[in-house]
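# A structural walkthrough
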Amino acid sequence: MANKKITKQTVKFDNPPSIIQTSSIVGPKEGDGPLSRYFDEILKDELWDEKSWEKAESKILRECINKVIKKSGKPFTDIDYIFAGDLLNQCLSSNFAIRETDIPFFGLYGACSTMAEALSLAAMIIDGGFANNVISAASSHFCSAEKQFRFPLELGTQRALTSQWTVTGTGATLLSSTGSGPYITHVTTGRIIDMGINDANNMGAAMAPAAADTISAHFDNTGIYPDNYDYIVTGDLGYIGLEIASDILSKAGLKVSDKLIDCGVMIFDRERQDVHAGGSGCGCSASVFNGYLYKEIITGNLKNILFVATGALMNTTSIQQGESIPSIAHAVSIRKNL
Amino acid sequence: MDYLRAFILGGTICAIGQLLIDKTKLTSARILVIFVTAGAILTGLGLYDDLVAIGGAGATVPLTGFGYLLTKGAIEDVNTNGLLGAFTGGVKAAAAGITAALFFGYVISILAKPKPKS
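Here the residue index of a chain counts from 1 through its sequence in written order. Lettering of chains starts at A and numbering of ligands starts at 1, both following the order in which they are written. Local features are withheld for residues below a pLDDT of 70 in this predicted model, meaning they are given only at 70 or higher, and side-chain atom pairs are given and counted only at 80 or more; totals for whole chains, interfaces and linings count all residues. As a convention, hydrogens and water are excluded, and side-chain values are obtained from all of the structure's heavy atoms.

## Here we look at the overall build of chain A
As a reminder, the rule being used: To qualify as a helix, a DSSP run of H or I must reach at least 4 residues; to qualify as a strand, a run of E must reach at least 2; elements of each kind are numbered from the N terminus. Buried means the residue's accessible area, taken with a 1.4 Å probe over protein chains only, is under 20% of the maximum for its type, while exposed means over 50%, and partly exposed covers the values in between. Here, residues are in contact when the closest pair of their heavy atoms is within 4.5 Å. Every accessible area reported is derived by Shrake-Rupley at a probe size of 1.4 Å, with residue values counting cover from the shown protein chains alone. By the counting rule applied here, Lys and Arg register as positive and Asp and Glu as negative, while His and the ends of each chain are not counted. For this purpose, a charge sits on NZ of Lys, CZ of Arg, CG of Asp or CD of Glu.
When helices and strands are tallied, chain A shows eleven helices and 14 strands. Along the first, second and third principal axes, the C-alpha set of chain A runs to 55 × 50 × 35 Å. The buried share of chain A, reckoned over its 338 residues, is 60%. In chain A, 77% of the contacts between residues at least 6 apart in sequence involve partners at least 24 apart. Looking at chain A as shown, the accessible area adds up to about 13200 Å², and 49% of this sits on carbon and sulfur atoms. One finds the centroid of the 29 positive side-chain charges in chain A at a distance of 4 Å from the centroid of its 37 negative side-chain charges.

Next up, the structure:
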């Protein structure tokens with residue numbers, strides 16, 4: 001009997017897993033942004049002594065995972081599983097990053113929703129009794145993502161005003177069956193929503209309906225109300241997507257617009273850093289969650305949040321063939337105290 | 001006066017490209033192809049020669065000028081060598097430009113390192 005599944009999309013944990021430690025590493029541009037002081041490490045340059053952007057991204061993820069384990073004081077052998085993913089073909093950054101850890105690994109592709117997807121599965125596997133300590137992580141790198149999804153950087157193509165800036169960064173969360181919070185109490189898993197947007201330079205608009213759908217599902221018949229949360233934090237809708245999501249939710253009668261904030265909006269200073277529609281990439285919500293949000297919860301400035309990372313699930317071939325962008329959003333409910 | 005005319009015509013062609021980037025969803029690669037093709041078609045219709053007469057390098061240096069060169073070369077080669085010239089003339093006329101692009105592209109790729117946009 002699936003007695004923890006309370007609605008079609010939402011599960012409620014009997015023994016909510018604790019977030020016992022997090023870590024985050026970001027690139028220089030992110031480190032120059034408004035959330036600078038919340039990140040554990042800020043790189044001086046995007047290559048970090050590596051020969052390629054891809055190697056640099058793997059190193060950032062590897063070091064971030066090492067860092068979260070070291071900070072927790074647990075031996076590597078205590079980690080039961082890693083759930084991680086990134087944007088590169090076949091999740092290569094994660095595969096290389098985790099190569100030397102010896103820890104059992106589930107690779108995920110959820111595009112920019114990966115951090116919430118990894119947290120969801122880690123929490124489920126712990127509450128299910130399959131593991132005690134699990135790491136969830138995600139990474140992205142501006143240069144490797146531009147090369148794969150848009151144009152080579154050498155071409156110097158101008159960016160569209162609706163486009164978002166892929167964050168160079170990573171975040172890792174260590175979840176445990178024992179701990180004193182913050183706790184993951186509920187997980188609402190997204191459905192794929194595709195409203196027919198096919199402009200890869202406007203992913204915020206493509207993802208906004210998915211975010212709204214998952215947020216609605218989270219409050220639908222679960223006994224949870226928007227007032228239970230300080231903030232509903234979407235992954236990387238950016239300025240354009242956040243406005244659309246807010247519109248859809250108010251039209252659906254959910255009064256949450258004053259609670260909606262977005263990682264892609266917060267991570268950069270829009271005017272000073274010229275990022276157009278905001279930040280994006282797996283590393284955007286991963287670094288903002290594991291840096292800013294976690295630390296604000298620990299210090300007590302935030303108590304309860306709904307973390308809703310959003311992903312645009314296209315690939316380069318589907319975009320070239322003019323297909324629309326299937327999108328998804330996963331929600332994770334986090335409480336400081338039970 | 002030549003400089004001014006070249007500046008105005010070249011600037012106008014580039015401004016059209018900028019408008020296409022800003023106001024449409026066309027990628028830079030598509031705009032590139034549109035410009036080369038537009039230059040070729042205008043030359044075929046006999047119109048681009050007038051632009052070159054007015055703007056000189058302002059008309060030949062932008063991407064439309066590459067289309068102009070291809071078509072002009074093809075037409076001239078057909079006149080001297082027959083129909084086969086339609087296949088050989090364009091690349092012959094543009095050989096210096098194509099080789100220079102390959103050569104300098106290669107040299108610069110060795111000398112320079114890619115950096116993130118700022």
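## Structural notes on the nonpolar core
Residue and element names in this part refer to chain A. The condition is simple: Here the nonpolar core consists of buried residues drawn from Ala, Val, Leu, Ile, Met, Phe, Trp, Tyr and Cys, with membership extended through side-chain atoms lying within 4.5 Å.
Counting 54 residues, the largest nonpolar core has Ile184, Leu293, Phe307 and Ile334 as its most contacted members. A total of nine residues in this core trace back to one element, the largest contributor, which is helix α10 (residues 282-298). Those residues within four positions of Leu293 in sequence are excluded, and the remaining contacts are Val233, Val288, Leu302, Ile305 and Phe307. If you look at the next biggest cluster of nonpolar residues, it comprises 28 residues, including Met203, Ala208, Ile224 and Leu237.

## Brief notes about the packing of aromatic side chains
Residue and element names in this part refer to chain A. Applicable threshold: The aromatic pairing rule takes the rings of Phe, Tyr and Trp, using the six-membered ring of Trp, and pairs them if the centres are within 6.5 Å, calling planes under 30 degrees apart stacked, those over 60 edge-to-face and the rest tilted. For a ring to carry a charge above it, either NZ of a lysine or CZ of an arginine must fall within 6 Å of the ring centroid while also lying within 35 degrees of the normal to the ring plane.
Following the criterion strictly, the structure yields eight aromatic pairs over all chains and no others. Consider the rings of Phe83 and Phe106, whose centres lie 5.0 Å apart with planes at 20 degrees: the pair is stacked. Of this pair, Phe83 sits in strand β4 (residues 81-85) while Phe106 is found in strand β5 (residues 105-108), placing the two residues 23 residues apart along the sequence. Classification of Phe106 by relative accessible area gives partly exposed; the value is 38%. A connected cluster of aromatic rings, assembled from ring pairs, spans Tyr81, Phe83 and Phe106. Between the NZ or CZ atom of Lys29 and the centre of the ring of Trp165, over which it lies, the distance is 4.1 Å. The aromatic ring of Tyr239 is capped on one face by Arg270, whose charged end is 3.9 Å from the ring centroid.

## Quick notes on the environment of Glu57 of chain A
For Glu57 of chain A, the location among the structural elements is in helix α2 (residues 53-72). Ignoring anything within four residues of it in the chain, the contact list for Glu57 of chain A reads Asp86, Leu88, Ser93, Ser139, Ser140, His141 and Ser144 of chain A.

## Quick look at unusual backbone geometry
Residues and elements named next belong to chain A. Across the junction of Gly181 and Pro182, the peptide omega takes the value 0 degrees, indicating a cis bond. Position of Pro182 among the secondary structure elements: in the loop between β8 (169-176) and β9 (183-188). Even without a glycine there, the phi angle at Asp49 is positive, about 65 degrees. Of note in the backbone geometry, Asp274 takes a positive phi value of approximately 50 degrees without being a glycine. Mapped onto the fold, Asp274 is located in the loop between α9 (270-273) and β12 (279-280). Since its relative accessible area comes to 43%, Asp274 is described here as partly exposed.

## Focus: the interface of chain A and chain B
When the parts of a complex come together, some accessible area is lost, and that lost area is often taken as the interface size. Selection criterion: Note on definitions: buried area is the accessible-area loss of two parts on being combined, 1.4 Å probe, summed for both. What makes a salt bridge here is a side-chain nitrogen of Lys or Arg within 4 Å of a carboxyl oxygen of Asp or Glu, nothing more. Pairing of N or O atoms within 3.5 Å defines a polar contact, subject to two protein rules: one partner must be a possible hydrogen donor and the other a possible acceptor, and residues neighboring in sequence count only if both atoms are side-chain atoms. For this scheme, ten residues count as nonpolar: Ala, Val, Leu, Ile, Met, Phe, Trp, Tyr, Cys and Pro. Four count as charged, namely Asp, Glu, Lys and Arg, and the remainder, Gly too, count as polar.
Chain A puts 15 residues into the contact, and the matching count from chain B is twelve residues. Summed over both sides, the interface of chain A with chain B buries roughly 1100 Å², with 60% coming from carbon and sulfur. Where chain A packs against chain B, one counts one salt bridge. As a salt-bridge pair, Asp199 of chain A and Lys25 of chain B come within 3.2 Å of each other at their nearest N and O atoms. The tally of links from chain A across to chain B stands at two residue pairs in polar contact (both at pLDDT 80 or more). Among the elements that line the side of chain A that touches chain B, the one with the most residues is helix α5 (residues 142-149) of chain A, at three residues. Classifying every residue of the side of chain A that touches chain B by side-chain character gives seven nonpolar, two polar and six charged.

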